[in-house]
Amino acid sequence: MKYYLIVGEASGDLHASHLMTALKAEDPQADFRFFGGDLMAAVGGTMVKHYKELAYMGFIPVLLHLRTIFANMKRCKEDIVAWNPDAVILVDYPGFNLNIAKFVHFETQIPVFYYISPKIWAWKEYRIKNIKRDVDELFSILPFEVEFFEEKHRYPIHYVGNPTVDEVAAYQKAHPKNSEAFLADNKPVIALLAGSRKQEIKDNLPDMLKAASAFPDYQLVLAGAPGIVPEYYKQYVGQAKVKIIFDQTYRLLQHAEAALVTSGTATLETALFRVPQVVCYYTPIGKVVSFLRRHILKVKFISLVNLIANREVVKELVADTMTVGNMQSELKKLIEDQEYKDRMLAEYEYMADRLGPAGAPQHAARKMLELLKK
């Protein structure tokens, strides 16, 4: 069968590449065409556009590139019609992909599958109307989304497991943990995961470094984000003693004793490596954001760990509560308070049980093929 996939960022490229591999295993005649990235290209098929030509984040960048964005949408729609696939598979990236879903629904007979559903439970819940109308089958990777979509909105979905479980398990199998000193330094490691976007790094990294530097018996290691050059980090590192490593986040987490983590998939990865963590997310208008969290946002937590467990597993220092003092206090507990640490690790096990076993891409691929054959 012919599958047309659309992703808009690096994480989508990763998850889509694994789904494509699973689809090929289930369907040896699988043919792929996609708006995607290098990992998808390595699986095979035809790349129409690289996701780097699509990824504009924030109001101003989007405004400045509206002509390009609309041109990419037009090209994508025309290409789908011309190729006429058996299914269009959208991966996250709702701003672009929901527009494509609407077009495919109204202008073609091609089924629309959505893998890694839009996080409308946190923001823009009104999008449920578009999803119900335009998406034929939704494949979720977060267990709490089942209740949100099926019970609250009466829209049946498929929970297939979480691909991060697969990625961490595959890494651990290929790289068994050993006792070697990390980065040729005998000090234990505090890992710093300061976000994947420039604004996040600018807002979070300086205070994270100040907080972690209060523990001289530990070495600080910063996970460099894809697409961010070392020079960008240097302007925020200053005189702090920190090592920056790129493309080794899993290796870093495998050796870390504690971590300061900006919210996102990184919080889940840290938990799956069983590293005690504190979630840190600063914004310049902290008190306003704290008010919005209490009165407007639909969720109690911002970290995937707490959202999946539906209770506070890790401490979240967000907006005006993210201070150097608060981070130091939490780090001290993670390092010195064994009971506090053990309680967090036990809660990690509960969270992992909620996610279920590895195999998300395979589960999704089998279900997609089963639905298409019907």
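Residues numbered from 1 in each chain as written. Predicted model: local features only at pLDDT ≥ 70, side-chain atom pairs only at ≥ 80, totals over all residues. Heavy atoms only, no water.

## Observations concerning the environment of Ser117
Its place among the elements puts Ser117 in the loop between strand 5 (112-115) and helix 6 (128-134). With a relative accessible area of 2%, Ser117 lands in the buried category. A sequence separation of 22 residues divides Ser117 from Phe139, and the C-alpha atoms of the two residues are 6.4 Å apart. If sequence neighbours within four positions are ignored, Ser117 has contacts with Asp92, Leu138, Phe139, Ser140, Glu145 and Phe149. Reaching out from Ser117, the side chain makes a polar contact with the side chain of Glu145 at a distance of 2.6 Å. (Helix = DSSP H or I, 4+ residues; strand = E, 2+ residues; numbered from the N terminus. Buried < 20%, exposed > 50% of the residue type's maximum accessible area, 1.4 Å probe, protein only. Contact = heavy atoms within 4.5 Å. Polar contact = N/O pair within 3.5 Å; in protein donor to acceptor, adjacent residues only side chain to side chain.)

## Some details on the packing of aromatic side chains
Scanning the entire structure with this criterion turns up 14 aromatic pairs. Look at Phe35 and Phe96: their rings are 6.4 Å apart centre to centre, the planes differ by 35°, and that puts the pair in the tilted class. With a gap of 61 residues between them, Phe35 in strand 2 (residues 31-36) and Phe96 in helix 5 (residues 94-107) connect regions that are remote in the sequence. Ring-pair connections join several aromatic residues into one group, and the members of that group are Tyr4, Phe35, Trp83, Tyr93 and Phe96. The cationic tip of Lys2 hangs over the ring face of Trp83; the distance from NZ or CZ to the ring centre is 4.8 Å. (Phe/Tyr/Trp six-rings, centres within 6.5 Å; stacked < 30°, edge-to-face > 60°. Lys NZ or Arg CZ within 6 Å of the ring centre and 35° of its normal.)

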